[in-house]
Amino acid sequence: TCALPIFARRPWDSTADMLTGLPERLGVPPLPVVLDLRNGSPLRILEVLRAQRIPYVARVDASTLLRLPGARGLVGTGRPLPAATVAAAPDVRTEAVSWQGPDQQRRMSQVTAVPVVLARRKPFGGSGPADAPLVLLAERTRADQHPHWYTLTDMVDLPVPELVRLGKLGLRVDVDHDALVDERGLTDFEGRSYRGWHHHVTLVSAAHGYEATRTAA
C-alpha cells in the first residue's frame, strides 16, 4: 500500500496558506506575486494577498466575474460581468506592448486595460478584495482578434507595458518545469511512499535552485 497523507486540501487553500506571512518569513519587503488563478478561487487568494499587502499580477479566466466601477455606458454595469465582456466595454484604451518570453524572442501584443473591481458572489461585511481598485488586462496578438490572455492586478499605478512584462514571468514556470523533468529527474521517482516522494521532490528542487542560482551568477 502507498503511505499517503490522510488529509486532502484544495490547491488554492494551500497557496493561500503559503502566502500568509511570506514577507516576514523571508525577511524582505512585499514583492509582486505572479500567479495563475484560472483553475482556482480568485477571491480566496486575493483576500490573503490584500491582507498581507502583497501586490500581485494574476492570470484569470475569461469567465471571471468583475464589475465596472461607475457608469461606463455598458448595459448591466451594476451586475457581475465576465472578464471577456468587461474587456469589450466602450471607451477602453488599447495599446501595443512589446515583451520578451523565456526563449528571448521579442513579441508584440495588443493590450486593453480596464479599471474594475471584483464581483462579490455573496454579501459580506466590511471592506474586502471586492472593494479594491484593480486593472483588467485583456491581451490579443492582433487588434482584430478576441483576447486570449486575461490578467488582474492591484498595481493600478504601474504602466501597462510593465504589468504585461511582469505577468509574462509566469511563462518561466513551464520552462523550469521542463528542466525539472528532463534534467533533474522530477518524474523519475518509483517508490510507493509519500515520504519518499517528498524527499525526492525536495532534493530535485534543491538541485534545480542551486543550478539556477549558479547560472544566474
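In the block above lies the structure referred to throughout.
The following paragraphs examine the structure supplied in this document. Since this is a predicted model, take the numbers as computed values, not measurements.

Analysis parameters
- For every chain, the first residue of its written sequence is number 1, and the numbers climb from 1 along that sequence.
- Confidence filtering applies because this is a predicted model: local features only for residues at pLDDT of at least 70, side-chain atom pairs given and counted only at 80 or more, and all residues used for totals across whole chains, interfaces and linings.
- Excluded from the side-chain calculations are hydrogens and water; all other atoms, namely the structure's heavy atoms, are used.
- Within 6.5 Å between ring centres, the rings of Phe, Tyr and Trp (the latter by its six-membered ring) count as paired, and their orientation is classed by plane angle as stacked under 30 degrees, edge-to-face over 60, tilted in between.
- Two conditions define a charge located above a ring, namely a distance within 6 Å from the ring centre to NZ of Lys or CZ of Arg, and an angle within 35 degrees of the ring normal.
- In this description a helix means any DSSP run of H or I spanning at least four residues, a strand means any run of E spanning at least two, and both kinds are numbered starting from the N terminus.
- Multiplying 1.5 Å by the helix residue count minus one yields the expected span of that helix.
- By definition, residues are in contact when any of their heavy atoms lie within 4.5 Å.
- Only protein chains enter the calculation, and the probe is 1.4 Å; a residue is then buried if its accessible area is under 20% of its type maximum, exposed if over 50%, and partly exposed in between.
- Two strands are said to pair when DSSP picks up at least two bridges between them.

Glancing now at the packing of aromatic side chains. Throughout the structure, instances matching the rule amount to 1 aromatic pair. Here the guanidinium or amino end of K168 rests over the ring plane of W99, the centre of that ring lying 4.4 Å away. Note that K168 overlies the ring of W149, its terminal NZ or CZ placed 3.6 Å from the centroid.

For helix α7 (residues 194-216), built from 23 residues, the straight-helix expectation of 33 Å at 1.5 Å per residue is met to within 8% by its first-to-last C-alpha distance of 32 Å. Each element contacted by the buried residues of α7 is listed here: α6 (171-182).

Summarising the element assignment, H208 is placed in helix α7. Excluding anything up to four places from it in sequence, H208 contacts D176, A179, L180 and R184.

Let us look at the pairing of strand β2 (residues 56-60). On a regular strand, each side chain points to the face opposite its neighbour's, so the side chains alternate between the two faces of the sheet. In terms of residue burial, β2 counts as a mostly covered element, since 5 of its 5 residues are buried. Covered by surrounding structure in β2 are Y56, A58 and V60 together with V57 and R59, the residues of both alternating faces. Examined bridge by bridge, strand β1 (residues 33-36) and β2 share 4 bridges and lie parallel to one another. Each residue of the ladder has a partner; that of L35, found in β2, is A58. Across 4 bridges, β2 lies against strand β8 (residues 149-153) in antiparallel orientation. Note on β8: the bridge partner recorded for V60 is Y150.

Turning our attention to the environment of A119. Tracing the backbone shows A119 in the loop between β6 (106-118) and β7 (134-140). With 76 residues separating them along the chain, A119 and L43 place their C-alpha atoms 9.0 Å apart. Dropping the residues within four chain positions of it, A119 is found in contact with L65, L66, R67 and P80.

Glancing now at the pairing of β6. Here strand β3 (residues 65-67) runs beside β6; their pairing, made up of 2 bridges, is antiparallel. Residue pairing for β6: L66 is matched across the bridge by L118. In the sheet, strand β5 (residues 93-100) pairs with β6 via 8 bridges, with the strands oriented antiparallel. Looking at the pairing, A96 lines up with Q110 of β6. Joining the antiparallel neighbours β5 and β6 is a turn of 5 residues, in which Q104 adopts a positive phi near 70°. Where β6 lies against β7, 7 bridges are found, and the strand directions are antiparallel.

Our next topic: the environment of L166. The residue L166 is located in helix α5 (residues 160-167) in this model. In this structure L166 comes out as buried when scored by relative accessible area, which is 18%. For L166, the residues in contact, after removing those within four places along its chain, are V34, V57, M155 and L158.

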